[in-house]
Amino acid sequence: MEPEDLNPAETPEPQQPPEPPAEPQQPLEPPAEPQQQPEQQQSSDWNWGFSLEEIFRLALKFFKEMNGKAFNPTYEENLRLVALHKQVSLGPFNPNTSPEIGFFDVLGNDRRKEWARLGSMAKEDAMEDFVKLLNSCCSLFAPYVTSHKIEKEEQGRRLREEEERLRAEREEQERQDEEKKRQLKLEEERRKQEEEVRRKQEEDLLLLLEQKQQIMAALNAQTTVQFLRYAQQQFPDSPEQQQLLIQQLQEQHYRQYIQQAYQVQQVEQKQQDSAVTQASQVTSHSDDMESVKNAINQSESQSPEPKPCHLFLGRSPGEVAVLAPSMWTRPQIKEFKEKMAQDAESVITVGRGEVLTVRVPTHEDGAYLFWEFATDHYDIGFGLHFEWPNSDGTTARTLPESASENQQAGGAEEEKDQSESCNGTSVPNVTEVVPIYRRDSHEEVYAGSHHYPGQGVYLLRFDNSYSLWRSKVVYYRVYYTR
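Enquirer: Let's hear about the packing of aromatic side chains: which residues, and what values?
Expert: Within this structure, the stated rule accounts for 19 aromatic pairs. Between Phe 63 and Phe 130, the aromatic rings sit 6.1 Å apart at their centres with planes inclined by 80°, giving edge-to-face as the arrangement. On the criterion of sequence distance, the pair formed by Phe 63 in helix 2 (residues 52-66) and Phe 130 in helix 5 (residues 123-137) is long-range, its members being 67 residues apart. The exposure classification of Phe 63 matches that of Phe 130, with both residues buried. Seen in terms of ring centroids, Trp 371 and Phe 382 are 6.2 Å apart; in terms of plane orientation they differ by 35°. Their pairing is tilted. You can see Trp 371 sitting in strand 4 (residues 368-375) and its partner Phe 382 sitting in strand 5 (residues 380-387), a full eleven residues away along the chain. The same class applies to Trp 371 as to Phe 382, namely buried.

Structure representation (structure tokens):
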């Protein structure tokens, strides 16, 4: 079957009439080939960087769309282009398979002859000749191909950009996935560390509670009678309030004891290493744990048996044992000051820069000393000392009731000299029971008790030496019990 014409309607008619069949028409000469250039330049000129199939498809499309419109090839060029197209699409001419053509179909006969003249030309050669012939006979073909080349390059560029974008997105997604994995791993490690820290804190807390119970058991065995008498005096008709007050006093006594134990430990450390500067008071958890452990070791070493469970102040070998004091606070400061204000002797004024000492001798019918005090508006320093009698039964000379800080220092040196001058006894002249520290007595009532270590005089010292401008009004009460 004869292939369809590329554009038969617009194919120009032959300018000469057909010749009789007895005289066969002379074969048409192929159009003159364009001037050949060197092989490398020719190869790069005719395909514009396209493959053979791509440039042939563009040439065929251009020929179908533009023939008779944008360009008009000669009759011979048109026959040659049609024949090359048939050679590419159908192969070499075969008269046995080609349909018959009428005698008067001059155009069809000319096309057959031109097709037959191609002989066994290869398909690739036919496509190449088609492109070259079209380029030689139409000056618009090269710009047409160039525009397609630019479009192809632009499409390639967009395709590469799209591939690069997708690759970047893929890498970013992979990076985010890796970051998520790393974050999950870090979160897991952090959770494990927090769990370990929490577990360690729980263990330390349990140990601290256990040690606290041991210390409180020892302290409560020592102060049960004192706290019970104090609670009965405060709430004589309410056993429930007495029990609640005793519990509060025991808890405060424990805190005071831990603080004092830590202070004693600091003093001992300074005595062992004189080159170390005075360390500030530390109240962190680890220090409290260490203080509690030291307090337990001290308590266990001094009282291995469950009874009598006494805790003592630090002392040198040969000195008389002095039990540790019990101290606590209570919030009823307003009622306390109103009650003490009714007795003029229970209200004293400590001048600015002064230290006032209240002397309270032990009573022959008493076993415990109790004290309570509060102030107006500002805090005050408080400490408790015990003055032992000399070998002749008399007490040493102590500070007057009102003395400056310098006088206190001189009095301390005098007491030390008197203590060293005592012969035949290892009992110190003055023993520190409660070190002097500033107390927030303007916010709470500070109270305490101490078991008599023997016969002597208690020295309640109210220290206002640090204040250069203000005097302090102190409301206090001191009494003894059995």
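Still more ground to cover, so stick around.
Enquirer: Quick one: what's the story with the confidence of the model for the protein chain, residue by residue and with numbers?
Expert: Averaged over all residues, the pLDDT of the protein chain is 77; the fraction at 70 or higher stands at 73%. Taken as a whole, residues 7-44 scores under 50 in pLDDT and shows 33 contacts with residues more than four places along the chain or in a different chain. When the criterion is pLDDT under 50, residues 303-309 qualifies, and its contacts beyond four places in sequence or with other chains add up to five contacts.

Enquirer: Describe the nonpolar core, listing the residues and the values that go with them.
Expert: Within the largest apolar cluster, 28 residues are counted, with the highest numbers of intra-cluster contacts made by Phe 130, Leu 134, Phe 141 and Val 145. Within the residue set of this core, elements represented by two or more residues are helix 2, helix 3 (75-90), helix 5 and helix 6 (141-234). Per-element accounting of this core gives the leading share, eight residues, to helix 2. With 24 residues, the next largest nonpolar core counts Val 358, Phe 373, Phe 462 and Tyr 476 among its residues.

Enquirer: Break down helix 2 for me, with residues and values.
Expert: For helix 2, built from 15 residues, the straight-helix expectation of 21 Å at 1.5 Å per residue is met to within 8% by its first-to-last C-alpha distance of 21 Å. Along helix 2, the residues classified as buried are Leu 52, Ile 55, Phe 56, Leu 58, Ala 59, Leu 60, Phe 62 and Phe 63. Positive phi shows up at Gly 68, right after helix 2, with a value of about 85°.

Enquirer: I'd like a rundown of a nonpolar patch on the surface, residues and numbers included.
Expert: Taken together, the side chains of Leu 205, Leu 206 and Leu 209 define a hydrophobic patch exposed on the protein surface, amounting to about 280 Å² of accessible area. The class for Leu 209 is partly exposed, based on a relative accessible area of 37%.

Enquirer: Lay out the environment of Glu 124 in plain terms, naming residues and giving numbers.
Expert: Along the chain, Glu 124 turns up in helix 5. On the basis of relative accessible area, Glu 124 is assigned to the partly exposed category, the value being 43%. With 36 residues separating them in the primary sequence, Glu 124 and Val 88 have C-alpha atoms 7.7 Å apart.

Reading guide: rules and limits
- Residues numbered from 1 in each chain as written.
- Predicted model: local features only at pLDDT ≥ 70, side-chain atom pairs only at ≥ 80, totals over all residues.
- Heavy atoms only, no water.
- Phe/Tyr/Trp six-rings, centres within 6.5 Å; stacked < 30°, edge-to-face > 60°.
- Helix = DSSP H or I, 4+ residues; strand = E, 2+ residues; numbered from the N terminus.
- Buried < 20%, exposed > 50% of the residue type's maximum accessible area, 1.4 Å probe, protein only.
- pLDDT = per-residue confidence, 0-100.
- Contact = heavy atoms within 4.5 Å.
- Core = buried A, V, L, I, M, F, W, Y, C linked by side-chain atoms within 4.5 Å.
- Expected span 1.5 Å × (residues − 1).
- Patch = residues over 30% accessible without salt bridge, like charges linked within 9 Å, V, L, I, M, F, W, Y side chains within 5 Å.
- Areas by Shrake-Rupley, 256 points an atom, 1.4 Å probe, with all protein chains shown as cover.
- Salt bridge = Lys/Arg side-chain N within 4 Å of Asp/Glu carboxyl O.

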